[in-house]
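Observations on the model geometry
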Amino acid sequence: MMLRTAILAFLACLTAACGGQPDDRKDDRSDKGNPLLWEIARADGPNAGQVEGWLMGTIHALPSEAKWRSKEADEAIAKADVLAVEVADVGDGRAMASAFLPLAMSAGQPPLTERVPPRQREKVAELVGKTSYRLSDFSRIESWGAALILSQSVDTGADAANGIDRALIRDFNGRRVVELEGAARQFAVFDGLSEGAQRAMLGAIVEEAEADSDQRQRPIRLYLQGDEAGLAALTREGLLADDEIREALLERRNAAWMPRIIRLLESDSHPLIAVGAAHMVGKDGLVALIEAQGYTVRRVR
């Protein structure tokens, strides 16, 4: 979820309800799988060193042939009592739409082509043509909503149906699944951005559509390689170098999730906390924040 080259990897978590479900769960397993997986243990006290939960950085859309699972990931999935994700009903298109529309719809918006630089106007109209919307429909859709809608028409070679969050929710069928945020709060993050920031997002989507496939697939490659440093670097590029956008999309959300995460760890429920990979890395990432709360967080692989 890095802007510009990774904005689509982030926005996929908000538009993931558009895809279907993959048919073969075995296709995503490989001896070379390298997920971003960490063990969480108490740093001191009588239970020092005892594993109390796991962190897994996810990506919300992947190519159908992608293989992300590993023996270590399967073991963590099997041992965890509860799964914590950003949005629990990510596969429910109706629920996602009911959360999205009240926030994104606002009458009296300027023409969509006037919300991007002149050089991007032809391309933004082309992207609209790949959706089920007409240009005139965007007179009632705010700029952040338009960015999410148009992101679905940019080909990254990935499909939300193959998202790791969806696969994990299926794996936990019969076990407890909780959400750290929910769709409405997630969309509200975008709704709270300034108009300038929203238009910058919209412009980034257009730039992404004009980029070559290698650039668009860079976040996916880094993720599948388990490249923590590479993903951390992406979270400082493009629009995420903008203080307002980075604080809204990453820093404030991480901080807001922490009380729930600590309660799960303290409740002896052995949680698997699985959220977008960009939330894990860097000095404001969940790994660092959990360590600051007196835990040892060790990368499994």
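Rules behind the numbers
- Residues numbered from 1 in each chain as written.
- Predicted model: local features only at pLDDT ≥ 70, side-chain atom pairs only at ≥ 80, totals over all residues.
- Heavy atoms only, no water.
- Helix = DSSP H or I, 4+ residues; strand = E, 2+ residues; numbered from the N terminus.
- Buried < 20%, exposed > 50% of the residue type's maximum accessible area, 1.4 Å probe, protein only.
- Contact = heavy atoms within 4.5 Å.
- pLDDT = per-residue confidence, 0-100.
- Axes fitted to C-alpha atoms, helices over the stretch in contact; angles between N-to-C directions.
- Parallel < 35°, antiparallel > 145°, perpendicular 65-115°, else oblique.
- Left-handed = near helix turned anticlockwise from the far one by under 90°.
- Phe/Tyr/Trp six-rings, centres within 6.5 Å; stacked < 30°, edge-to-face > 60°.
- Salt bridge = Lys/Arg side-chain N within 4 Å of Asp/Glu carboxyl O.
- Pairing = 2+ DSSP bridges.
- Core = buried A, V, L, I, M, F, W, Y, C linked by side-chain atoms within 4.5 Å.

Notes on the overall build of the protein
A count of helical and extended segments in the protein gives 13 helices and 6 strands. Here the protein holds 301 residues, and 52% of them are scored as buried. Sequence-distant contacts, at least 24 apart, represent 81% of the contacts inside the protein between residues at least 6 apart.

Overview of the confidence of the model for the protein
When pLDDT is averaged across the protein, the result is 86; 88% of the residues are at 70 or more. The least confident element of the protein, judged by mean pLDDT, is helix α1 (residues 7–11) at 47; the most confident is helix α13 (residues 286–291) at 97. Predicted confidence for residues 1–26 stays below pLDDT 50, and this span has 95 contacts to residues more than four positions away or in other chains.

Points about the packing of helix α3 (residues 93–104) against helix α5 (residues 143–151)
One way to put it is that α3 packs onto α5 with a least axis distance of 9 Å and a crossing angle of 140°. The angle between α3 and α5 places the two elements in the oblique class. α5 is crossed by α3, and the crossing has left-handed handedness. Residue-level inspection shows F100, L103 and A104 of α3 in contact with α5, the latter providing W144, G145, L148 and I149.

A few points about the packing of aromatic side chains
For the structure on display, the rule yields 5 aromatic pairs. Judged by centre distance (6.1 Å) and plane angle (35°), the ring pair of W144 and F187 falls under tilted. Of this pair, W144 sits in helix α5 while F187 is found in helix α7 (residues 183–191), placing the two residues 43 residues apart along the sequence. Of the two residues examined, W144 and F187, each falls in the buried class. Here the aromatic rings of W144 and F190 are separated by 6.2 Å at their centres, their planes lie at 25°, and the arrangement is stacked.

Observations regarding the pattern of salt bridges
As enumerated under the stated definition, the model contains 16 salt bridges in all. One salt bridge connects D171 with R69, and the closest N-O pair in it is separated by 2.8 Å. Taken together, the positions of D171 in helix α6 (residues 164–171) and R69 in the loop between β2 (51–58) and α2 (71–79) put the pair 102 residues apart, joining distant regions of the chain. A relative accessible area of 2% means that R69 is categorised as buried. When the shortest N-O distance is used, the salt bridge between R246 and E251 registers 3.2 Å. Judged by relative accessible area, which is 5%, R246 ranks as buried. The class of E251 is partly exposed, set by a relative accessible area of 28%. What emerges from the salt-bridge pattern is a single network uniting R69, D74 and D171.

Focus: the sheet that holds strand β1 (residues 36–42)
Read from one edge of the open sheet, 6 strands run β4-β3-β5-β2-β1-β6, paired in mixed fashion. Bordering the open sheet on either side are β4 (176–179) and β6 (295–299), each of which pairs with just one other strand. When the angles between neighbouring strand axes are averaged without regard to direction, this sheet yields 20°. The strands that α6 touches are β2, β3 (82–85), β4 and β5 (271–276); relative to β2, the one it contacts most, it runs at about 140°.

As for α5
With respect to burial, α5 is a largely interior element, 9 of its 9 residues being buried. Buried residues of α5: S143, W144, G145, A146, A147, L148, I149, L150 and S151, and no others.

Brief notes about the nonpolar core
By size, the foremost hydrophobic cluster in this structure holds 48 residues, and its most contacted members are L55, M56, L168, I261, L272 and I290. The element best represented in this core is helix α12 (residues 243–266), accounting for 6 residues. Leave out the neighbours within four places in its chain, and I261 touches L180, I273, L286 and I290. Counting 39 residues, the second largest nonpolar core, distinct from the first, contains A99, F187, L202 and A248.

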